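Coordinates in review
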Amino acid sequence: MEEILLKVEHVSKNFGATQALKDVSFTIKKGTIHSLLGRNGAGKSTVVNIIAGIYKQNSGIVTLDGNDITPYSVFERQNMGVKIVPQHASIVPELTVGENVFMGIWPRKKGGFVDWGKLFIDAEKELRKYGLDVDPKEKVRNLNGVDQRKVNIIRAMHGGAKLIILDEPTTALSSVERQELFVFVNELKAQGTAFIFISHYLQEVVELSDDVTVIRDGRSFSGSDGGELNEERLASLIAGEEVELINREKLPDNSGRELLLECRNMSGHILKDVSVKLYRGEITGLVGFPGSGARELCRTLFGLEKMTEGEIWIGGNEKVGIRNPSDAMKNGISYVSYDRHKEGIVGLMSIRENISLPSLYTTLKNKLGFVDMEKSRDISEHYFELFHVKANSTDDKLNSLSGGNQQKVVVAKTVSTGPKLLMLDEPTIGIDIKSREEIIENINKIAEEDHTSVLYLTNDFDELIRTVDRILFFKNGRLEKDVRNHGLSHEDVINIRDSVG
Ligand SMILES: Nc1ncnc2c1ncn2[C@@H]1O[C@H](COP(=O)(O)OP(=O)(O)OP(=O)(O)O)[C@@H](O)[C@H]1O
Ligand SMILES: [Mg+2]
């Protein structure tokens, strides 16, 4: 008999009129990995925030080692060994990496002063252990979103814990980094630490979990492995129905298509002599390891990275200069970054305000220079529905939405500007399996009906081959291969990626 560590019993929670959890129960055994699954807005973050003491439940109890922990604060629960890595970074951006890693438990000299020397040396050790190559004296605000996420994880791992809650820890990580994280998690598990793991990647859930609980319609369904954990079964448990995978009917070629944009001999910090033509209505996939040039192509076309040589032509006859995102937007180019949580949204503004933000100074302005509120409402309603954002209305504040629903708003916002070139960098990260298909369907529609050219970057090759007409393979800054997707398989993509250059 495995020992029980934590029990959630008949927990309910509402936020105003929103009933986030109705009756949720599950049991975490010592030294096991327990995955928590459900659609965007199902209540996963809510329940783990209740376990960590960040939110208080309306009814039900949570017990740790048999004792009701409801009266205890977040801090007291941390000392009892319950630690959480929240869905969005909770680090303090103005402090250094080292200070963040040891938050609140900084080493002190006799007399009580913080021992900075020791703090940074210890921090360096912790960072290296997890393979994070950043300076412990760097301010966290200067790190990219992925590294901020890692600092968060290292902080929770440090100092031992009975239960570590990882709320979508892998969303911003590359496949190599994921594997590193899993090795780390399994090591701690072997030493007796239990984990609650939240993820929309069913493959990694199956790989990692001992037990799973699915939350749907505010209620929970639990099960354990014994061979019954497979992706298909989990998918239908999560969605409450069979999820049909969208498979785009691929364009046979781009003959007769209107040329939208051409890069001629483009070079930059990473890019080397890249020439490529992008056509209207075509969805082009980008493949390559981090630093290969795949992501840098998008970032350069959006003016986030400097082009040192080469030219960008639009429509075959106009040479354009793109020095910053505003230049890019003026030329009808938009970009949803993989790091979107950092740059994309304003939490205290409503969904409507967020969606209309980029159009405020262009399409939404009437002749007198005032913002056309009615049009703003129409546009945001349209995209709110198109992307099935789960909220009461477009007046809801963005930070009252679940993580996945915030991301849908970011994608909606970018699409709502009606770009000629839409660049999507990992657009379905953090998105549940059913919503993912809805997004892919919308992208197809946008390519087909609005004749938008789409650049699509994802590490999920199963998703890629269902979605794109053609794939550009990058290595060491160079565009090495341009392949049409006539029935490519996942393995084909890996083989080509590994053979180029
Ligand atoms: N602070 C809040 N104020 C109002 N409503 C909230 C708040 N936090 C969460 N909610 C609502 O509670 C519900 C559950 O949200 P939660 O964040 O737990 O979902 P989730 O399962 O973590 O989803 P995701 O996969 O998108 O992260 C949603 O309808 C959300 O809008
Ligand atoms: Mg969440």
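From a predicted model like this one, the values you see are computed outputs, not experimental measurements.

Brief notes about the domain arrangement of the protein
- Domain annotation of the protein identifies domain 1 (4–81 + 160–239), domain 2 (90–144) and domain 3 (259–499).
- Each of domain 1 and domain 2 was reduced to a C-alpha centroid, and the two centroids are 28 Å apart.

So, a nonpolar patch on the surface
- On the surface, Phe-15, Ile-54 and Tyr-55 cluster together into a nonpolar patch covering about 250 Å² of accessible area.
- Structurally, the position occupied by Ile-54 is in the loop between helix H1 (44–52) and strand E4 (59–64).

Considerations on the site of ligand 1
- For ligand 1, the set of nearby residues contains 22 residues, the closest of which are Gly-41, Lys-44, Thr-46, Ser-402 and Gly-404.
- One of the backbone N or O atoms of Gly-41 is found 2.8 Å from an oxygen atom in ligand 1.
- The side chain of Lys-44 places a nitrogen or oxygen atom 2.7 Å from an oxygen atom of ligand 1.
- Among the detected pockets, ligand 1 sits in the second largest pocket.
- Within the residue set of the shell around ligand 1, elements represented by two or more residues are strand E2 (18–29), H1 and helix H14 (403–415).
- Looking at the shell around ligand 1 residue by residue, the classes come out as five nonpolar, 13 polar and four charged.
- If you count residues domain by domain, the shell around ligand 1 takes at least three from each of domain 1 (4–81 + 160–239) and domain 3 (259–499).

Remarks on the side chain of Thr-414
- Relative to the helices and strands, Thr-414 is located in helix H14.
- On the accessibility criterion, Thr-414 (8% relative accessible area) is buried.
- Beyond its immediate stretch of four places on either side in the chain, Thr-414 contacts Ser-334, Tyr-335, Val-336, Pro-419 and Leu-422.

A look at the pattern of salt bridges
- Tallying each qualifying case throughout the model produces 24 salt bridges.
- In this structure, Arg-39 and Asp-432 form a salt bridge, with 3.1 Å as the shortest nitrogen-oxygen distance. On the criterion of sequence distance, the pair formed by Arg-39 in the loop between strand E3 (33–37) and H1 and Asp-432 in the loop between strand E17 (421–425) and helix H15 (433–449) is long-range, its members being 393 residues apart.
- Arg-39 sits in the partly exposed class, given a relative accessible area of 25%.
- Classification of Asp-432 by relative accessible area gives buried; the value is 1%.
- Measuring nitrogen to oxygen at the nearest pair gives 3.1 Å for the salt bridge that ties Glu-204 to Arg-178. Taken as a pair, Glu-204 in helix H7 (residues 202–208) and Arg-178 in helix H6 (residues 175–190) lie far apart in primary sequence, 26 residues in all.
- Using a relative accessible area of 5% as the deciding quantity, one classes Glu-204 as buried.
- Residues joined in a network through salt bridges with shared partners are Glu-3, Lys-30, Asp-65 and Lys-162.

Examining the layout of surface pockets
- One number sums up the size of the second largest pocket: a volume of about 920 Å³.
- Asn-399, Ser-400, Leu-401, Ser-402 and Gly-403 are, among the 36 residues lining the second largest pocket, the residues nearest its centre.
- Where the lining of the second largest pocket is concerned, the elements lending two or more residues are E2, H1 and H14.
- Here the lining of the second largest pocket is composed, by residue class, of nine nonpolar, 21 polar and six charged.
- Counting contributing residues, the lining of the second largest pocket receives three or more from each of domain 1 (4–81 + 160–239) and domain 3 (259–499).

Regarding the side chain of Glu-204
- Reaching out from Glu-204, the side chain makes a polar contact with the side chain of Thr-170 at a distance of 2.6 Å.
- For Glu-204, the contacting residues outside a window of four places in its chain are Thr-170, Arg-178, Phe-182, Phe-197 and Ser-199.

A few points about the packing of aromatic side chains
- Taken as a whole, this structure holds four aromatic pairs when the rule is applied.
- Between Phe-15 and Tyr-55 the ring centres are 5.3 Å apart and the planes differ by 75 degrees, which places this aromatic pair in the edge-to-face class. Here Tyr-55 lies in the loop between H1 and E4 and Phe-15 lies in strand E1 (residues 4–15), a separation of 40 residues in the sequence.
- Taking 6.1 Å as the distance between ring centres and 80 degrees as the angle between the ring planes, the aromatic pair formed by Phe-182 and Phe-197 counts as edge-to-face. Linking Phe-182 in helix H6 with Phe-197 in strand E8 (residues 194–198), this pair joins segments that are 15 residues apart in sequence.

About the thresholds
- Residues numbered from 1 in each chain as written.
- Chains lettered and ligands numbered in written order.
- Predicted model: local features only at pLDDT ≥ 70, side-chain atom pairs only at ≥ 80, totals over all residues.
- Heavy atoms only, no water.
- Domains from an automatic or database assignment.
- Patch = residues over 30% accessible without salt bridge, like charges linked within 9 Å, V, L, I, M, F, W, Y side chains within 5 Å.
- Areas by Shrake-Rupley, 256 points an atom, 1.4 Å probe, with all protein chains shown as cover.
- Salt bridge = Lys/Arg side-chain N within 4 Å of Asp/Glu carboxyl O.
- Helix = DSSP H or I, 4+ residues; strand = E, 2+ residues; numbered from the N terminus.
- Near = heavy atom within 4 Å.
- Polar contact = N/O pair within 3.5 Å; in protein donor to acceptor, adjacent residues only side chain to side chain.
- 1 Å grid on protein atoms, 1.4 Å probe; cavity = no way out; pocket = protein on both sides within 12 Å on 5 of 7 lines; lining within 4 Å.
- Sits in = over half its atoms within 2 Å of the grid points.
- Nonpolar A, V, L, I, M, F, W, Y, C, P; charged D, E, K, R; others polar.
- Buried < 20%, exposed > 50% of the residue type's maximum accessible area, 1.4 Å probe, protein only.
- Contact = heavy atoms within 4.5 Å.
- Points joined across faces, edges and corners; volume = space filled by probe spheres on them.
- Phe/Tyr/Trp six-rings, centres within 6.5 Å; stacked < 30°, edge-to-face > 60°.

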